[in-house]
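The chain contents come next:
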Amino acid sequence: MSEYPPLPESAAPLLTAIVPARNEARNIERCVRSILASEYPDLEVVAVDDHSTDGTGEILERLALEDDRLRVLRAQELPEGWFGKPWACWQGYRAARGGLLLFTDADTAHGPALHGHAVAVLFAERSQLVTVMPRQEMLTFWERVVQPHFFLLLGIRYGSPERLNRNADPRHAIANGQFILVTRESYEALGGHGRVHGQVVEDLALAQEYAGAGRRMFFAVADQHMTTRMYTS
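Quick notes on the overall build of the chain
Right, so step 1: Counting secondary structure elements, the chain contains nine helices and 10 strands.
Right, so step 2: Scored against the burial criterion, the 233 residues of the chain give a buried share of 52%.
Right, so step 3: Roughly 11100 Å² of accessible area belongs to the chain as shown, and the carbon and sulfur atoms make up 54% of that amount.

Take a look at the structure:
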């Protein structure tokens, strides 16, 4: 991904990072601070506190006082037929001002160059969706035992990034919900998370919607620019 140089500041559209968070007090400050430390020149963050009971909302409110690029939303009640994450993402989208939308998880940490390279990929590859695979933090014995098998199975099922980037069949499309960057135009045209509101694996469903509509997607490895720790037990 580093081979795609960031756009000049004058050509960089406003990017809205949308962070849904439910009971993420352990992770949320690291995530939000890492996004706000981005080298990307025109960025805002919309964090959606999804009825947290562990202090996530209070942490976000404190961070918002430090940086006015961060806005905090309190999630509305879940409508019938929706799952929680698509609903939180949808509310974040409705508050976003950017022409580019980045949906990212609260357990991620973003390097300062990540967003610039990702936006450059979007434009250079003429894509409407860019998704990346970060470096997985595996600190305990069982994390190191179980998780590599999971990613091995994904590799067997979907193949290499090069194969994914040649794919046009919705049955073989995939995106990583930890980082999904889209153009606002494509997201709205397809119905965004409203289109996949009843899907548990909403990132996969969203990728399939993009592929089915003939929208170009690009999968990149970002292990030098992003990390995540998915599980702690």
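Overview of the pattern of salt bridges
Right, so step 1: Applying the stated criterion to the full structure yields 15 salt bridges.
Right, so step 2: Notably, a salt bridge pairs Arg71 with Glu44, separated by 3.1 Å at the nearest N-O pair. Taken together, the positions of Arg71 in strand β3 (residues 70-74) and Glu44 in strand β2 (residues 43-49) put the pair 27 residues apart, joining distant regions of the chain.
Right, so step 3: We classify Arg71 as partly exposed; its relative accessible area is 24%.
Right, so step 4: For Glu44, a relative accessible area of 3% corresponds to the buried category.
Right, so step 5: Of the charged contacts, one joins Lys85 and Asp105 as a salt bridge, the two residues approaching to 2.8 Å between their closest N and O atoms. One end of the pair, Lys85, is in helix α3 (residues 84-95); the other, Asp105, is in the loop between β4 (100-104) and β5 (108-110), and 20 residues separate them in sequence.
Right, so step 6: Owing to a relative accessible area of 16%, Asp105 belongs among the buried residues under this scheme.
Right, so step 7: Here the residues in one salt-bridge network are Glu29, Arg33, Arg62 and Glu66, joined through shared partners.

A few points about the environment of Gly81
Right, so step 1: Relative to the helices and strands, Gly81 resides in the loop between β3 and α3.
Right, so step 2: As for Gly81 and His197, which are separated by 116 residues in sequence, their C-alpha atoms are 7.2 Å apart.
Right, so step 3: The residues contacting Gly81, other than those within four sequence positions of it, are His197 and Gly198.

Points about unusual backbone geometry
Right, so step 1: Residue Asn23 is not a glycine yet carries a positive backbone phi of 50 degrees.
Right, so step 2: Positionally, Asn23 belongs in the loop between β1 (15-21) and α1 (28-36).
Right, so step 3: Even without a glycine there, the phi angle at His51 is positive, about 60 degrees.
Right, so step 4: Note that His51 resides in the loop between β2 and α2 (56-66).

Thoughts on the nonpolar core
Right, so step 1: Of all hydrophobic cores here, the largest spans 39 residues; its most connected members are Met1, Ile28, Val45, Leu70, Val132, Phe179 and Leu181.
Right, so step 2: In terms of residues, this core owes the most to one element, helix α4 (residues 114-124), which gives six residues.
Right, so step 3: Contacts of Leu181, omitting those with residues within four sequence positions, involve Leu15, Leu100, Leu101, Leu102, Ala118, Val119, Leu122, Gln128, Leu129 and Val130.
Right, so step 4: With 21 residues, the next largest nonpolar core counts Trp87, Trp90, Val182 and Tyr187 among its residues.

Here we look at the packing of α1 against α2
Right, so step 1: Direction vectors running N to C along α1 and α2 enclose 25 degrees, while the axes themselves pass 10 Å from each other. Relative to α2, the element α1 is oriented roughly parallel. Here α1 and α2 pass one another in a crossing that is right-handed. Taking contact as the criterion, the partners of Ile28, Glu29, Val32 and Arg33 in α1 are, on α2, Thr56, Ile59, Leu60, Arg62, Leu63 and Glu66.

Description of α4
Right, so step 1: Of all 11 residues making up α4, nine are buried, and the element is well covered by its neighbours.
Right, so step 2: Positive backbone phi, at 50 degrees, marks Arg126, one or two positions downstream of α4.

Thoughts on the sheet that holds β3
Right, so step 1: Taken in spatial order, the seven strands line up as β3-β2-β1-β4-β8-β6-β9 in an open sheet, and their pairing is mixed. Every interior strand has two partners, whereas the edge strands, β3 and β9 (217-221), have only one. Geometrically, the sheet is characterised by an average inter-axis angle of 20 degrees between neighbouring strands, direction not taken into account.
Right, so step 2: Along the sheet face, α1 touches β1, β2, β3 and β4 and points at about 180 degrees away from the line of β1.
Right, so step 3: Strand contacts of helix α9 (residues 202-212): β6 (129-133), β8 (179-183) and β9, with the helix running at about 30 degrees to β8, the strand carrying the most contacts.

Regarding the environment of Leu36
Right, so step 1: Relative to the helices and strands, Leu36 resides in helix α1.
Right, so step 2: Separated by 19 residues in sequence, Leu36 and Ala17 have C-alpha atoms that sit 9.6 Å apart.
Right, so step 3: Ignoring sequence-local partners within four residues, the contact set of Leu36 consists of Val45, Asp67 and Arg69.

What counts and how
Residues numbered from 1 in each chain as written. Predicted model: local features only at pLDDT ≥ 70, side-chain atom pairs only at ≥ 80, totals over all residues. Heavy atoms only, no water. Helix = DSSP H or I, 4+ residues; strand = E, 2+ residues; numbered from the N terminus. Buried < 20%, exposed > 50% of the residue type's maximum accessible area, 1.4 Å probe, protein only. Areas by Shrake-Rupley, 256 points an atom, 1.4 Å probe, with all protein chains shown as cover. Salt bridge = Lys/Arg side-chain N within 4 Å of Asp/Glu carboxyl O. Contact = heavy atoms within 4.5 Å. Core = buried A, V, L, I, M, F, W, Y, C linked by side-chain atoms within 4.5 Å. Axes fitted to C-alpha atoms, helices over the stretch in contact; angles between N-to-C directions. Parallel < 35°, antiparallel > 145°, perpendicular 65-115°, else oblique. Left-handed = near helix turned anticlockwise from the far one by under 90°. Pairing = 2+ DSSP bridges.

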